[in-house]
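Analysis of the macromolecular model
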Amino acid sequence: MNIMKKLLISTLLVLGLSMNVSAQKRPPAPPHPSKTELVNIKMQELTKKYNTEKKLILNHPLATKQMKRDQMKALNQRYAAEKRLLRQAK
């Protein structure tokens, strides 16, 4: 009787632990994007950032036309340089 009780307890313990371990397995990792996909994602982020900054510059209430023109020129140069770097990474 005592042996049966110990066997039952140890069986339940082992079963419980194995179920706990199997429940903790991680789901499979998502596939890694290819290099061109990464570059395209970065390009979209860059374009979004450019459009946001452009809107901020053009809608600034205190900046004069000349200041806006200068800031847009600098923004366009920076955007072109970053775009060129991304194209080289392809």
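Structure's up top.
None of these values were measured; they are calculated from a predicted model.

Across its full length, the chain holds three helices and zero strands. Moving toward the C terminus, one meets the helices and strands of the chain in the order α-α-α. Looking at the 90 residues of the chain, the share that counts as buried comes to 11%. Of the accessible surface of the chain, which amounts to about 8300 Å², a share of 64% is contributed by carbon and sulfur atoms.

An ideal rise of 1.5 Å per residue puts 34 Å on 24 residues; helix H2 (residues 35-58) measures up with 34 Å between its terminal C-alpha atoms. Along H2, the positions that sit buried rather than exposed are Val-39, Met-43, Leu-46, Tyr-50 and Ile-57. Tucked inside the fold, the buried residues of H2 contact helix H3 (65-89).

The next point concerns the nonpolar core. Counting nine residues, the largest nonpolar core consists of Val-39, Met-43, Leu-46, Tyr-50, Ile-57, Met-72, Leu-75, Tyr-79 and Leu-86. Of all the secondary-structure elements, those providing two or more residues to this core are H2 and H3. Of the residues forming this core, the biggest block, five residues, is contributed by H2. Leaving out residues up to four positions away in the same chain, Tyr-50 has contacts with Met-72, Leu-75, Asn-76 and Tyr-79.

Counted by the stated rule, this structure contains one aromatic pair. With centroids separated by 4.3 Å and ring planes inclined at 25°, the aromatic side chains of Tyr-50 and Tyr-79 adopt a geometry described as stacked. Pair noted here: Tyr-50 is in helix H2 and Tyr-79 is in helix H3, with a separation of 29 residues, a long-range link. Accessibility expressed as a relative area gives 13% for Tyr-50, which makes it buried. Residue Tyr-79 is classed as buried on the basis of its relative accessible area of 15%.

Looking now at the packing of H2 against H3. Here H2 crosses H3 at 180°, and the two axes come no closer than 10 Å. Between H2 and H3, the crossing angle belongs to the class labelled roughly antiparallel. On H3, the residues touching Lys-35, Val-39, Lys-42, Met-43, Leu-46, Thr-47, Tyr-50, Glu-53, Lys-54, Ile-57 and Leu-58 of H2 are Lys-68, Gln-71, Met-72, Leu-75, Asn-76, Arg-78, Tyr-79, Glu-82, Lys-83, Leu-86, Arg-87 and Ala-89. In terms of residue class, the contact of H2 with H3 is built from eleven nonpolar, three polar and nine charged.

The next subject is H3. In this model, H3 (25 residues) spans 36 Å end to end at C-alpha, consistent with the 36 Å of a helix rising 1.5 Å per residue. Of the residues making up H3, those classed as buried are Met-72, Leu-75, Tyr-79 and Leu-86. Contact partners of the buried residues in H3: H2.

Calculation notes
Residues numbered from 1 in each chain as written. Predicted model: local features only at pLDDT ≥ 70, side-chain atom pairs only at ≥ 80, totals over all residues. Heavy atoms only, no water. Helix = DSSP H or I, 4+ residues; strand = E, 2+ residues; numbered from the N terminus. Buried < 20%, exposed > 50% of the residue type's maximum accessible area, 1.4 Å probe, protein only. Areas by Shrake-Rupley, 256 points an atom, 1.4 Å probe, with all protein chains shown as cover. Expected span 1.5 Å × (residues − 1). Contact = heavy atoms within 4.5 Å. Core = buried A, V, L, I, M, F, W, Y, C linked by side-chain atoms within 4.5 Å. Phe/Tyr/Trp six-rings, centres within 6.5 Å; stacked < 30°, edge-to-face > 60°. Axes fitted to C-alpha atoms, helices over the stretch in contact; angles between N-to-C directions. Parallel < 35°, antiparallel > 145°, perpendicular 65-115°, else oblique. Nonpolar A, V, L, I, M, F, W, Y, C, P; charged D, E, K, R; others polar.

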